[in-house]
Amino acid sequence: MNPKKEQTLDQLLKSKQISQNTYDKVIIAKEYIERKYNLKNIKKDINTGSNFKIRINEYIVTNKGSDYNKDGNYYDWVELYNYSKEDINLKYIYISDNNKKLAKYNLPDKVLKPNEYVVVYMSGKDEYINDEIHANFRLSNDDKQIIISNGKKIIDIVEVKPLKDSVSYGYKEGKWYYFTTPTKGYENNTAAFSKIGE
């Protein structure tokens, strides 16, 4: 026996299973609930698939003094970029250096707007304070990869390149380059080099 298909409001009205008055009341109630509880944004927010248009955009694993954070320390960092046209809540994103442990660090409840950048400090401090995100593990030249995922499926993965002190590795115009002037939190628009020392 085939299961009965669920009918839409329009179908119910057309088949005269409900009156126009009932139809109008349901539509009004539906619009009120969506406005009150912001359901349209909630639906977007709970998109936890691996199809987020967010990428690893730049990283540094040998920060010896090129850039410091708000507490005055020189931490390595990873920069992420939202290249979509929609908000992305970072609480659904994880960062790791181990493809067998994708959910190593869960990013905080923070919305990344379209074309915005966010920096994750790889300090091992495991905190989100003063709008700074600090992962619960560190990176170094010994690491092989940086991964972002939804905890189960990989969204983006990049190889960790051996880097000289305070040199970053970043994405620019479809390719990866070395940057002697890192651009943490901004577009990679400084001089780019295909090899270290050029």
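To be clear, the structure that these remarks concern was listed above.
In this numbering scheme, every chain counts its residues from 1 along its sequence in written order. Two thresholds apply to this predicted model, a pLDDT of at least 70 for residue-level local features and 80 or more for giving and counting side-chain atom pairs, whereas whole-chain, interface and lining totals are computed over all residues. No hydrogens and no water enter the side-chain calculation; it runs on all heavy atoms of the structure.

Topic: the nonpolar core
- Put simply, buried Ala, Val, Leu, Ile, Met, Phe, Trp, Tyr and Cys residues joined by side-chain atoms within 4.5 Å make one nonpolar core. Note on classification: 1.4 Å probe, protein chains only; a residue is buried when its accessible area is under 20% of the maximum for its type, exposed when over 50%, partly exposed between these limits. Judged by nonpolar contacts, the single largest core of 31 residues is most densely connected at Ile54, Tyr59, Val78, Leu80, Ile95, Leu107 and Ile146.
- Sorting the residues of this core by element identifies strand 1 (54–60), strand 2 (77–82), strand 7 (117–121), strand 10 (145–149) and strand 11 (154–159) as the ones contributing at least two each.
- No other element matches strand 1, which puts three residues into this core.
- Residue contacts are counted whenever heavy atoms from the two residues lie within 4.5 Å of one another. In this structure leucine 107 touches Leu80, Leu90, Lys91, Ile93, Ile95, Val120 and Ile133, once residues within four positions along its chain are discounted. Think of it this way: any DSSP run of H or I at least four residues long counts as a helix, any run of E at least two long counts as a strand, and we number them from the N terminus.

Description of the environment of serine 84
- Considering the arrangement of structural elements, one finds serine 84 in the loop between strand 2 and strand 3 (88–89).
- Remark: the alpha-carbon pair of serine 84 and asparagine 115, spanning 31 residues in sequence, is separated by 7.0 Å.
- Not counting chain neighbours up to four residues away, the residues in contact with serine 84 comprise Lys53, Pro114 and Asn115.
- Pairing of N or O atoms within 3.5 Å defines a polar contact, subject to two protein rules: one partner must be a possible hydrogen donor and the other a possible acceptor, and residues neighboring in sequence count only if both atoms are side-chain atoms. A polar contact of 2.6 Å, which involves the side chain of serine 84, links it to the side chain of asparagine 82.

Quick word on the pattern of salt bridges
- Salt bridge, as applied in this entry: a Lys or Arg side-chain nitrogen positioned within 4 Å of an Asp or Glu carboxyl oxygen. Per the counting criterion, the structure on display carries five salt bridges.
- Residue aspartate 87 is joined to lysine 113 by a salt bridge in which the shortest nitrogen-to-oxygen separation is 3.2 Å. Here the residue aspartate 87 occupies a position in the loop between strand 2 and strand 3, and lysine 113 occupies one in the loop between strand 6 (111–112) and strand 7, the gap between them amounting to 26 residues.
- The salt bridge partner of glutamate 127 is lysine 125, with a shortest N-O separation of 3.3 Å.
- Take glutamate 127: its relative accessible area is 27%, and that puts it in the partly exposed class.
- With relative accessibility at 32%, the residue lysine 125 sits in the partly exposed group.

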